[in-house]
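For reference, the chains in residue letters:
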Amino acid sequence: MAPRGNPLLSKLARLRAALRTDRVLSAAQLRRDFDLDLGQLQGLHEFTCFSAVVQPIFRTRTSRQIIWFVTLAPRLPQRLSPEQIGHLCGTAEIRLRLGSSPEQWRSGAAALGKLSKPDAVLTLGPHLVAIEFDTGSYRGRVVRQKCEHFAGKYVGLVWGVTSRVRSRRLAEALGPSGVQVLHVNWWGGVGADLDV
């Protein structure tokens, strides 16, 4: 618990709680959602800052970027691929956009490609909501299979997408069945700002 009256300690306590759940956050998320920057974490040995080349939007030539991250797990950059790290950040962005607390959230987003498991599960009282993050790599058949599989086990589904164009298409296709589609930008900007 952070001492009252010390805003920096309060921000660091919130960041620790988020990282215990989300495992890793981008520098953009750190600035936008915690009002912190990587420089403020220098000298605090519990935080590991690192960079990786990530492609936030699948199959776009211009989207490969060097992105900075923060984690509490010093070996995470060696254990996970840049794609898995980006997937964790994308799933975390959905949590942040929904305003869900770390206590309501279970993330398994580092395990890419699991058709039968959502990237995260949001607990709302006795109800569970499936969370799926998508960089644009899922084909229509996979999207339909995931929706069908999750429909019987969860009261809802939130699908986060990095491409604005794809988010519009998915909202048109999935919205009538009650799926909430979010356009998310975890690597920069204001959370949902690229028109790709």
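Residues numbered from 1 in each chain as written. Predicted model: local features only at pLDDT ≥ 70, side-chain atom pairs only at ≥ 80, totals over all residues. Heavy atoms only, no water.

## Thoughts on the overall build of the chain
For step 1, the next point in the chain: Broken down by element type, the chain carries 7 helices and 8 strands.
For step 2, the next point in the chain: Per-residue burial over the chain gives 46% buried out of 196 residues.
For step 3, the next point in the chain: In the chain, the share of contacts with a sequence separation of at least 24, taken over all contacts with a separation of at least 6, comes to 58%.
For step 4, the next point in the chain: Of the roughly 10100 Å² that the chain leaves accessible, carbon and sulfur atoms contribute 52%. (Helix = DSSP H or I, 4+ residues; strand = E, 2+ residues; numbered from the N terminus. Buried < 20%, exposed > 50% of the residue type's maximum accessible area, 1.4 Å probe, protein only. Contact = heavy atoms within 4.5 Å. Areas by Shrake-Rupley, 256 points an atom, 1.4 Å probe, with all protein chains shown as cover.)

## Topic: the environment of F50
For step 1, the next point in the chain: Of note, F50 is situated in strand β2 (residues 48-54).
For step 2, the next point in the chain: In this structure the C-alpha to C-alpha distance between F50 and I67, which are 17 residues apart in sequence, comes to 8.4 Å.
For step 3, the next point in the chain: Leave out the neighbours within four places in its chain, and F50 touches V24, I67, W68, F69, T71, L76, P77 and I85.

## What about the pairing of strand β6 (residues 127-134)?
For step 1, the next point in the chain: Along β6, 6 of the 8 residues are buried, which leaves the element largely enclosed by surrounding structure.
For step 2, the next point in the chain: Across 5 bridges, strand β5 (residues 120-124) lies against β6 in antiparallel orientation. Considered in β6, the bridge of L124 is made with H127.
For step 3, the next point in the chain: Here β5 folds back onto β6 in antiparallel fashion, the turn holding 2 residues, of which G125 has a positive phi close to 60 degrees.
For step 4, the next point in the chain: Handedness of the crossover joining β6 and strand β7 (residues 156-161) through helix α6 (residues 140-151): right-handed. (Pairing = 2+ DSSP bridges. Right-handed = clockwise from strand over helix to strand, strands pointing away.)

## Observations concerning the nonpolar core
For step 1, the next point in the chain: One finds V24, F69, I85, I94, I131 and W186 to be the most contacted residues of the largest nonpolar core, which totals 25 residues.
For step 2, the next point in the chain: When contributions to this core are tallied by element, the ones reaching two or more residues are β2, β3 (65-71), α5 (82-98), β5 and β6.
For step 3, the next point in the chain: The greatest single-element share of this core, amounting to 4 residues, is contributed by α5.
For step 4, the next point in the chain: The contacts of I85, once residues within four sequence positions are left out, are V24, F50, F69, L76, P77 and L80. (Core = buried A, V, L, I, M, F, W, Y, C linked by side-chain atoms within 4.5 Å.)

## Points about the packing of aromatic side chains
For step 1, the next point in the chain: Counted according to the given criterion, the structure contains 5 aromatic pairs.
For step 2, the next point in the chain: Consider the rings of F150 and Y154, whose centres lie 5.9 Å apart with planes at 90 degrees: the pair is edge-to-face.
For step 3, the next point in the chain: For Y154, a relative accessible area of 18% corresponds to the buried category.
For step 4, the next point in the chain: Measuring from centroid to centroid gives 5.7 Å for W186 and W187, while their planes differ by 75 degrees, and the two rings are edge-to-face. Taken individually, W186 and W187 each receive the classification buried, so the pair is uniform in this respect. (Phe/Tyr/Trp six-rings, centres within 6.5 Å; stacked < 30°, edge-to-face > 60°.)

## Looking at the layout of surface pockets
For step 1, the next point in the chain: Here the second largest pocket defines a volume of roughly 150 Å³.
For step 2, the next point in the chain: Lining the second largest pocket, in full, are G140, V143, R144, S163, V165, R166, R169, L170, A173 and L174.
For step 3, the next point in the chain: Mapped onto the lining of the second largest pocket, the elements with two or more residues apiece are α6 and α7 (164-174).
For step 4, the next point in the chain: Ranked by residues supplied to the lining of the second largest pocket, first place goes to α7 with 6 residues.
For step 5, the next point in the chain: Broken down by class, the residue content of the lining of the second largest pocket amounts to 5 nonpolar, 2 polar and 3 charged. (1 Å grid on protein atoms, 1.4 Å probe; cavity = no way out; pocket = protein on both sides within 12 Å on 5 of 7 lines; lining within 4 Å. Points joined across faces, edges and corners; volume = space filled by probe spheres on them. Nonpolar A, V, L, I, M, F, W, Y, C, P; charged D, E, K, R; others polar.)

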